[in-house]
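Architecture at a glance
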Amino acid sequence: MHYLSTRGGVTSIGFADAVTMGLATDGGLLVPAELPRVDAATLRAWSQLSFQELALEVFTPFVGDEIPREDLRALIDRSYAGFSHPEVTPVVEAGGARILELFHGPTAAFKDVALQFLGNLFEYLLARDGGEFNIVGATSGDTGSAAIYGVRGKAGIQVFILHPKGRVSPIQARQMTTVLDDNVHNIAVEGTFDDAQRIVKTLFSDLPFKRSHHLGAVNSINWARILAQMVYYFYAWGRVSGGDPERAVSFSVPTGNFGDVFAGYLARRMGLPVRRLVIATNRNDILTRFVDSGIYAAESQVHRTLSPAMDIQLASNFERYLYFLHDGDCARVRALFEGLREHGRIELDAERHARVRADFDARAASDAETLEQIRASYEHDGYICCPHTAVGVHAARGMDDAVCLATAHPAKFNEAVEQAIGRGAPLPSSLQGLMEREQRCVDLPATVEAVKSEIERTLAATGAGA
Ligand SMILES: Cc1ncc(COP(=O)(O)O)c(C=O)c1O
Ligand SMILES: N[C@@H](CCOP(=O)(O)O)C(=O)O
């Protein structure tokens, strides 16, 4: 399998290079040159597999012969051994909905599904090919801790995680800042998640800096994130349909950076029987407005909501979707992003807009609706969902075939949960004792220069880097 950039500046690299490159060197995102098709017989066979066996089958065509099958199997097994549920991502009937629980990993959010694998993959590639990785990532709360848990203590890897100061939940902040391994470096920036993401993308676009400091990406700009997140769509479909290829299901996906729902979109393009894909947003509803109007335009500010991990204006993976929407026309994608930079908007013609509406439904939930959904699910049978999950369950109301993605454990957001139902969710053992532990984090202004010098200073002190 070969990978290319959505903007055309990278035309043919292999899987390992795509994973280590992260953001494409021309500023675009890497996508597979072709998508394998999954036929009805394969779907039937896959529906019988365990999560780990299924991951091996889904990954294989994308990895090609770059990693021997037994090595890939071992990587997958190691990545999911630490999940607390034997099914890894079980589907449950709860709170009056059908829920795909994605929070049974070490940091209690769906990011673990991909980042446990990516951490092990980085380690494998380093052991095989030599070198080092200095990972730089931006987080609105969950990617950060999942990345840190994916690579903490791993030789040859340093990880720098930028989070927006005061804009992640107290538990999310502690999950990151209480990890004191020497290779973990937390940076709280005075700004929003979009500021942090812009800084990270700027560093990756500074090719001399990227190359000399061996930067690696853990955000969903990294293709391996999308690949690993596709697996649970196939898994959930198998559990719900019993493997009947005639039976399509819908998915409702709480959305911020567009990585998760994009993984579902690709799974459908590969042949997974998906009826509707619902983009569920909070008040930061650029994607909902895009589906409704065909116009992608950020508002003047990011709104603080009860689902803070989705307080995002510009969605990273939207570019990958535009690439597929324009049938792989890289010049067109490049022009659209130049237009976004110059005029602050992308506007589709009527024909493309109709295709978007065929690809997705989109609904936004206010904080009041989010609280009301947490309450309704709880009153149904005592099931507590996190506010992000509640946004997705709310968006799926009235759909009888929907699987709602539960993206985080509710105890990570107990302030919102308490507001809704008057009590918090019990803390899983992985989240206990965090508030009492020692922390390490530096505060920085939201500028590229400040972050760059902090990375250089830290790498010089650790003896890693250039
Ligand atoms: C709990 C939670 N739900 C949903 C999302 C949205 O996922 P995505 O960014 O892949 O759209 C995020 C982070 O982005 C998250 O942390
Ligand atoms: N909500 C995310 C934002 C970053 O998204 P990613 O999928 O691109 O890593 C978070 O929790 O950090």
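Everything numeric here is computed off the predicted structure, so don't read it as measured data.

Things to note about the UniProt feature "modified residue: N6-(pyridoxal phosphate)lysine" (unreviewed entry) in the chain
Within this numbering scheme, the UniProt entry marks Lys-111 as carrying the feature "modified residue: N6-(pyridoxal phosphate)lysine" (unreviewed entry). Within the element layout of this structure, Lys-111 appears in helix H5 (residues 111-129). Look past the residues within four positions of Lys-111 in its chain and what remains in contact with it is Asp-142, Thr-143 and Ala-146.

Things to note about the pairing of strand S14 (residues 402-406)
Judged by how many residues are buried, S14 sits mostly within the fold: 5 of 5 residues are covered. Neither face of S14 is open: one carries Ala-402, Cys-404 and Ala-406, the other Val-403 and Leu-405, and all of them are buried. Relative to S14, strand S4 (residues 97-101) runs parallel, the two being bridged by 4 bridges. Paired with Arg-98 across the bridge in S14 is Val-403. Bridge count between strand S9 (residues 249-254) and S14: 3 bridges; the pairing is parallel.

A word on the site of ligand 2
Ligand 2 sits among 13 residues. The nearest are Thr-139, Asp-142, Thr-143, Asn-219 and Ser-220. In terms of residue class, the shell around ligand 2 is made up of 1 nonpolar, 11 polar and 1 charged.

Quick notes on the site of ligand 1
Around ligand 1, a shell composed of 17 residues is seen, among which Asp-142, Asn-257, Asp-260, Ala-309 and Thr-407 lie nearest. Looking at the shell around ligand 1, its residues break down into 6 nonpolar, 9 polar and 2 charged.

Focus on the nonpolar core
Core analysis: the largest hydrophobic core is formed by 149 residues, its most contacted members being Leu-100, Met-230, Val-231, Tyr-233, Phe-234 and Cys-404. It is helix H10 (residues 223-241) that provides the largest number of residues to this core, a total of 13 residues. Filtering out sequence-adjacent residues up to four positions away, Tyr-233 remains in contact with Phe-251, Ala-263, Gly-264, Ala-267 and Leu-272.

A word on the UniProt feature "domain: Threonine synthase N-terminal" (unreviewed entry) in the chain
Per the UniProt record, "domain: Threonine synthase N-terminal" (unreviewed entry) is annotated on residues 2-80. Across residues 2-80 one finds 49% helix and 8% strand; the C-alpha atoms that close the span lie 27 Å apart.

Examining the sheet that holds strand S5 (residues 133-138)
A sheet is described by the order of its strands in space; here 5 strands give the open sequence S8-S5-S6-S7-S15, paired in parallel fashion. A strand with exactly one partner marks an edge of an open sheet, and here the two such strands are strand S8 (215-216) and strand S15 (442-445). Of the pairings in the sheet, the one linking strand S7 (residues 184-190) to S15 comprises 4 bridges and is parallel in character. Along S15, the bridge assignment pairs Val-189 with Leu-444. Strands S5, strand S6 (157-164) and S7 of the sheet are contacted by helix H6 (residues 142-151), whose axis makes an angle of about 170 degrees with S6.

Focus: the environment of Asp-329
One can find Asp-329 in the loop between helix H13 (318-325) and helix H14 (330-343). Of the residues examined, Asp-329 has 15 C-beta atoms within 10 Å and is grouped as partly exposed. For the pair Asp-329 and Thr-6, spaced 323 residues apart in sequence, the C-alpha separation works out to 8.1 Å.

Observations concerning the environment of Glu-123
Structurally, Glu-123 can be placed in helix H5. Considering only alpha carbons, one finds Glu-123 and Asp-349, 226 residues apart in sequence, at a separation of 45 Å.

Reading the values: the criteria
One numbering rule holds for all chains: residues counted from 1, following each sequence as written. Here the convention is simple: chains get letters from A, ligands get numbers from 1, in the order in which they are written. Thresholds applied to this predicted model are a pLDDT of at least 70 for local features of residues and 80 or more for the giving and counting of side-chain atom pairs; totals over whole chains, interfaces and linings are not thresholded and use all residues. UniProt positions are given in the numbering used here, feature names are shortened, and annotations may be inferred rather than shown by experiment. Where helices and strands are cited, they refer to DSSP runs of H or I of at least four residues and of E of at least two residues respectively, numbered from the N terminus. The contact criterion used is a C-beta to C-beta distance within 7 Å, with each C-beta placed from the backbone. Partly exposed residues are those falling between the two cut-offs: more than 12 but fewer than 20 other C-beta atoms within 10 Å of their own, whereas 20 or more means buried and 12 or fewer means exposed, with C-beta atoms placed from the backbone. By this definition, two strands are paired if DSSP reports at least two bridges between them. Residue proximity rests on one test: whether the C-beta atom, placed from the backbone, lies within 6 Å of the molecule or strand. The residue classification treats Ala, Val, Leu, Ile, Met, Phe, Trp, Tyr, Cys and Pro as nonpolar and Asp, Glu, Lys and Arg as charged. All others, Gly included, are polar. Here, a nonpolar core denotes buried Ala, Val, Leu, Ile, Met, Phe, Trp, Tyr and Cys residues that are linked to one another through C-beta atoms within 7 Å. Note on method: axes are straight lines fitted to C-alpha atoms, helices fitted across the in-contact stretch only, with angles between N-to-C directions ranging 0 to 180 degrees.

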